[in-house]
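# Topology and contacts: notes
Read off the chains here:
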Amino acid sequence: MQRAGAEEAAGAQAAAGGPGRSGAEVAAAPAGRLLRRELRLLESIFHRGHERFRIGSACPDEISCEFVPGAGARAGASASRGPPPGPVRIHCNITESYPAVPPIWSVESDDPNLAAILERLVEVRKGNTLLLQHLKRIISDLCKLYNLPQHPDVEMLDQPLPAEPNTQEEVSSEEEDEEMPEDTEDLDHYEMKEEEPADGKKTEDEGIGKENLAILEKIKKNQRQDYLNGAVSGSVQATDRLMKELRDIYRSPSFKGGYYAVELVNDSLYDWNVKLLKVDEDSALHNDLQILKEKEGTDFILLNFSFKDNFPFDPPFVRVVSPVLSGGYVLGGGAICMELLTKQGWSSAYSIESVIMQISATLVKGKARVQFGANKNQYSLTRAQQSYKSLVQIHEKNGWYTPPKEDG
């Protein structure tokens, strides 16, 4: 999945409106009301039953839509062979600064041709109806990509925006308290959708401490700025899943109970340091950690989780950073010998917390011990990756050993 956003400064002034519209007229309307009018026009043209382009959901901060190539469509060199392409699912995020800040688009595909279409949106002239002009460009370019004729409904995006359903002159403040003005149902449709994410956010954030909520907000802010600057890293699918994993961890009883802690390396959602703070108190590893605290002032095992763009379909790369351990299925460089950390044993349904707790249990089960006085430099990312690669090759040939139940 790829994401592309227009690389234009947030403080730039909006230019005149699109074709067929008065720049003075649209500039006079508040941005929020103008956006709702754009959304209303979009849904009236590209409804959910449209043959080519469909608006699935639309609210003032997010739009989900899909382009339907149809049975006769073929893309590029495959125009004369192969099955017809499936729907192209597209997402759009709209900031509070719209239209000064362009919409941020993403597509659920790794096809570089689709990514290029979104990247070319920077060429669209900035204006007060930028959302409509972006969609016009997207649909037109998709039709070209799939060797389809331009759909006539695309030109409807240039028509004047629908009028506001009511004005101040029609309804006084006193009348508003007694009854709803005529035609406000459509307006409420968008206002309700705008409020839904806020309600959902309350549900998502329920049970998360203020300090961790601040971390989540900082991540969102950094991501938004990266999109605007054209410095996007990662993928939409991985970012969304990692945000969910982090939220789940922050509200988890195990996290709150001090069994482990999570820190983002350089505020990156794709690079986590995880501290195992509590292990089985009856284990030798627990005793070693108590001695380590007396000697070095630390009593935890530091793990590093590195995530790639195709997470959660591929596992994170996990290694021990410190202290140096023997046993516990820890290999050279700090790599960990666990089937669930390989493509063969991984499932996208696994939660990161379950992986953390499983690693903690595996260290104890494998009788891991702290190697006091060992050279700490022997653990490194390069060596861990080399060990992991060898591990995978060995087990791909010989399979994985499953110990008897009595061994745990």
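Shown above is the structure to which this text applies.
Residues numbered from 1 in each chain as written. Predicted model: local features only at pLDDT ≥ 70, side-chain atom pairs only at ≥ 80, totals over all residues. Heavy atoms only, no water.

### Thoughts on the pattern of salt bridges
For the structure shown, the criterion picks out 17 salt bridges. The partner of Arg89 in a salt bridge is Glu66, with the nearest N and O atoms 3.8 Å apart. Of this pair, Arg89 sits in strand β4 (residues 88-93) while Glu66 sits in strand β3 (residues 62-67), and the two are 23 residues apart along the sequence. Overall, Arg89 belongs to the partly exposed group, its relative accessible area being 40%. In this structure, the salt-bridge partner of Glu245 is Arg241, at a minimum N-O distance of 2.8 Å. Of this pair, Glu245 and Arg241 both sit in helix α8 (residues 236-250), 4 residues apart, which is roughly one turn of the helix. Each of the two residues, Glu245 as well as Arg241, counts as buried. When salt bridges that share partners are traced, they join Arg120, Glu123, Arg137 and Asp141 into one network. (Salt bridge = Lys/Arg side-chain N within 4 Å of Asp/Glu carboxyl O. Helix = DSSP H or I, 4+ residues; strand = E, 2+ residues; numbered from the N terminus. Buried < 20%, exposed > 50% of the residue type's maximum accessible area, 1.4 Å probe, protein only.)

### A look at the pairing of β3
Most of β3 sits inside the fold, with 5 of its 6 residues counted as buried. In textbook terms, the turn of a hairpin is the stretch between consecutive antiparallel strands, and for strand β2 (residues 53-59) and β3 this stretch comprises 2 residues. In terms of strand pairing, β3 meets β4 through 6 bridges, oriented antiparallel. Across the sheet, Glu62 pairs through a bridge with Asn93, a residue of β4. (Pairing = 2+ DSSP bridges.)

### Here we look at the packing of aromatic side chains
Under the definition given, this model contains 10 aromatic pairs. Arranged with centres 5.4 Å apart and planes meeting at 80 degrees, the rings of Phe46 and Phe53 form a pair that is edge-to-face. The pair formed by Phe46 and Phe53 is uniform in burial state, with each residue classed as buried. An aromatic cluster of at least three residues, connected via ring pairs, comprises Trp272, Phe305, Phe307, Phe311, Trp346 and Tyr350. The positively charged end of Lys275 is found above the aromatic ring belonging to Phe300, 4.7 Å away from the centroid. Its guanidinium or amino end placed over the ring of Phe372, Lys295 lies 4.7 Å from that ring's centre, counting from NZ or CZ. (Phe/Tyr/Trp six-rings, centres within 6.5 Å; stacked < 30°, edge-to-face > 60°. Lys NZ or Arg CZ within 6 Å of the ring centre and 35° of its normal.)

### Some words on the environment of Ile336
By the element assignment, Ile336 lies in the loop between β10 (325-326) and α11 (352-365). Ile336 sits 18 residues away from Val318 along the chain, and the two C-alpha atoms are 7.0 Å apart. In contact with Ile336, not counting residues within four places along its chain, are Leu303, Val318, Val320, Tyr329, Leu341, Ile359 and Leu391. (Contact = heavy atoms within 4.5 Å.)

### Here's the deal with helix α3 (residues 112-119)
The set of residues buried in α3 consists of Leu114, Ala115, Ile117 and Leu118. Along the axis of α3, the buried residues cluster in a sector spanning 155 degrees; they form a single face. For α3, the exposed residues lying more than 90 degrees away from the buried face are Pro112 and Glu119. Of the residues flanking the start of α3, the one acting as N-cap is Asp111, its side-chain oxygen 2.8 Å from the backbone nitrogen of Asn113. (Arc of directions from axis to C-beta. Polar contact = N/O pair within 3.5 Å; in protein donor to acceptor, adjacent residues only side chain to side chain.)

### Structural notes on the nonpolar core
Among the nonpolar cores identified, the biggest contains 45 residues, and Trp272, Phe305 and Ile359 are the most heavily contacted of them. Elements with a contribution of two residues or more to this core: α7 (210-229), α8, β6 (260-264), β7 (271-276), α10 (284-296), β8 (301-306), β9 (317-322) and α11. Examining the composition of this core, we find that 6 residues originate from one element, α8, more than from any other. The residues contacting Ile359, other than those within four sequence positions of it, are Leu303, Phe305, Val318, Ile336, Met338 and Leu341. Counting residues in hydrophobic clusters, the runner-up holds 39 residues, among them Leu35, Leu39, Ile45 and Ile90. (Core = buried A, V, L, I, M, F, W, Y, C linked by side-chain atoms within 4.5 Å.)

### Some words on the state of the cysteines
Put plainly, two cysteines are in a disulfide when a covalent bond ties their sulfur atoms together. By the definition in use, this model includes 0 disulfides. Of all cysteine sulfurs in the structure, the one in Cys92 sits closest to Cys59, which takes part in no disulfide; the separation is 10.0 Å. You can call Cys59 buried: its relative accessible area is 10%. (Disulfide = S-S within 2.5 Å.)

### Points about unusual backbone geometry
Phe311 connects to Pro312 through a cis peptide bond whose omega is 10 degrees. One can find Pro312 in the loop between β8 and β9. The omega torsion of the bond from Ser322 to Pro323 falls at -10 degrees, within 30 degrees of zero and hence cis. A positive phi angle is found at Asp267, which is not glycine, with a value near 60 degrees. Positionally, Asp267 belongs in the loop between β6 and β7. You can call Asp267 partly exposed: its relative accessible area is 39%. Despite not being glycine, Lys367 shows a phi value in the positive range, around 60 degrees. Examined against the element boundaries, Lys367 turns out to sit in the loop between α11 and β11 (369-370).

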